[in-house]
Each structure stands twice: as structure tokens, then as C-alpha cells.
Amino acid sequence: MTSRGTRWALAGAAVAAAVGVGRMVARRRRPLQAERADGWYVVQRGITVDRPMDAVIGFWTDRERLDRALAEWATLEQLDDNRWRCVASDPAGGGTEWRAELTVDGPGRLSWRVTEGPVVQQGQAELVPAPQDRGTEIRTELRWRSNPVRRALGRTTGHDPEVGLRDTLRRIKSLVEAA
């Protein structure tokens, strides 16, 4: 596997996670109860994809498949090697836009940071083999800043980064397993 292929794979996973966090989630679900650390809300989520790591990376290295997979709820534009512009569709017909920097931290590991957008956030994603050869685990950690009033309002209206992350990981799993 080339380093360029790994970069595309991790960039795709991180951008999809960031898109899901930024998009407006209408469904309400039981919250994950994010921890509070140094002024950040922190949540860790993971999901096991029933495909080997090469297949997961292969899904994200194919830019055409990535664009098709995200087309119904977001558009992506790569600005340079590490910067991306993303516009997520809002069910009400509008959109949320932000820019993010993506950094490959090592094999199967990526971090991102939103540089311009409605929510200050950063996170990381890691691809690891699942125990007992059961596929690939995608492990994520998301950190975002919000004041208590905005957080409560976001939770009651369905605009919660925790729910967005969970939904995005489920969508990634279904898309990769269906490919």
C-alpha cells in the first residue's frame, strides 16, 4: 500500500466523520454523555466493519466512490494537500460549510482540525484490525468546544456532534460493507 493511498483512505474517513458531525441531525437518540476535559467536550466512538483493513482503505482511496457515497449529504473539495472544504446538506434545504486540516499521523491514523466553521472541533481516527479476524475497527475521538447553553440547545434540537459522529460511523460501515 502506498503512502498516498493511506492518506486518501484516512482523509476520506476523517472527512466523512467531520461531515457527519457538522450536518444537522434530525433524529434524537440517547446521548453518549461526553466527558468534559480542559474546556472541550470529548467523546470516543468505534465501530467494527466486516471487511479487512485493505478493503476499508480501498473504499476511501477510490475518490469516485467516496464522492458518490457522500453526494446525498455533502460535497467535498480538496483545497491543497492537507486542507478540505466541506458543505453538508441540511434537511431544511440549507447547508453548513467549514474548512478542515487533515494530518496523517502514521499508518492507519489520521487527525483533523476544523479551522473555519460553526463548531470548533478536532479529532482523530484510527484503523486497526478487529480481534479474532472479524474485520477492521474504526476508532474515533472527537473534541469540540461549546458553552453549556449552546450544548443544551443543540441536544434538544438534534444538532449534537455526538449523534452526528455515531450516525456517520454507521453510514461508513454500511457503505464499506455494501461495496
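Described in the following lines is the structure provided in the data block. Just so we're clear, the structure is a prediction, and the values are computed from it rather than from any experiment.

**Looking at the environment of Q122**
Okay, so step 1: As for its placement among the helices and strands, Q122 is situated in strand β7 (residues 121-129).
Okay, so step 2: For Q122 and A100, which are 22 residues apart along the polypeptide, the C-alpha to C-alpha distance reads 8.9 Å.
Okay, so step 3: Contacts of Q122, omitting those with residues within four sequence positions, involve W40, W112, R113, E141, L142 and R143.

**Digging into the side chain of Q121**
Okay, so step 1: In this structure, Q121 sits in strand β7.
Okay, so step 2: Judged by relative accessible area, which is 4%, Q121 ranks as buried.
Okay, so step 3: Among the polar contacts made by the side chain of Q121, one reaches the side chain of W112 at a distance of 3.2 Å.

**A word on the pairing of β7**
Okay, so step 1: As defined by bridge partners, strand β6 (residues 109-116) adjoins β7 across five bridges and the pair is classed as antiparallel. From the neighbouring strand, S111 faces β7, where its bridge partner is Q124.
Okay, so step 2: Taken together, β6 and the strand that follows it, β7, pair antiparallel across an intervening segment of four residues.
Okay, so step 3: Here β7 runs beside strand β8 (residues 136-144); their pairing, made up of nine bridges, is antiparallel. For Q124, the partnering residue across the bridge sits in β8 and is E141.
Okay, so step 4: The antiparallel pairing of β7 with β8 creates a hairpin that spans six residues between the two strands, and Q132 there sits at a positive phi of about 60°.

Definitions and cut-offs
- Residues numbered from 1 in each chain as written.
- Predicted model: local features only at pLDDT ≥ 70, side-chain atom pairs only at ≥ 80, totals over all residues.
- Heavy atoms only, no water.
- Helix = DSSP H or I, 4+ residues; strand = E, 2+ residues; numbered from the N terminus.
- Contact = heavy atoms within 4.5 Å.
- Buried < 20%, exposed > 50% of the residue type's maximum accessible area, 1.4 Å probe, protein only.
- Polar contact = N/O pair within 3.5 Å; in protein donor to acceptor, adjacent residues only side chain to side chain.
- Pairing = 2+ DSSP bridges.

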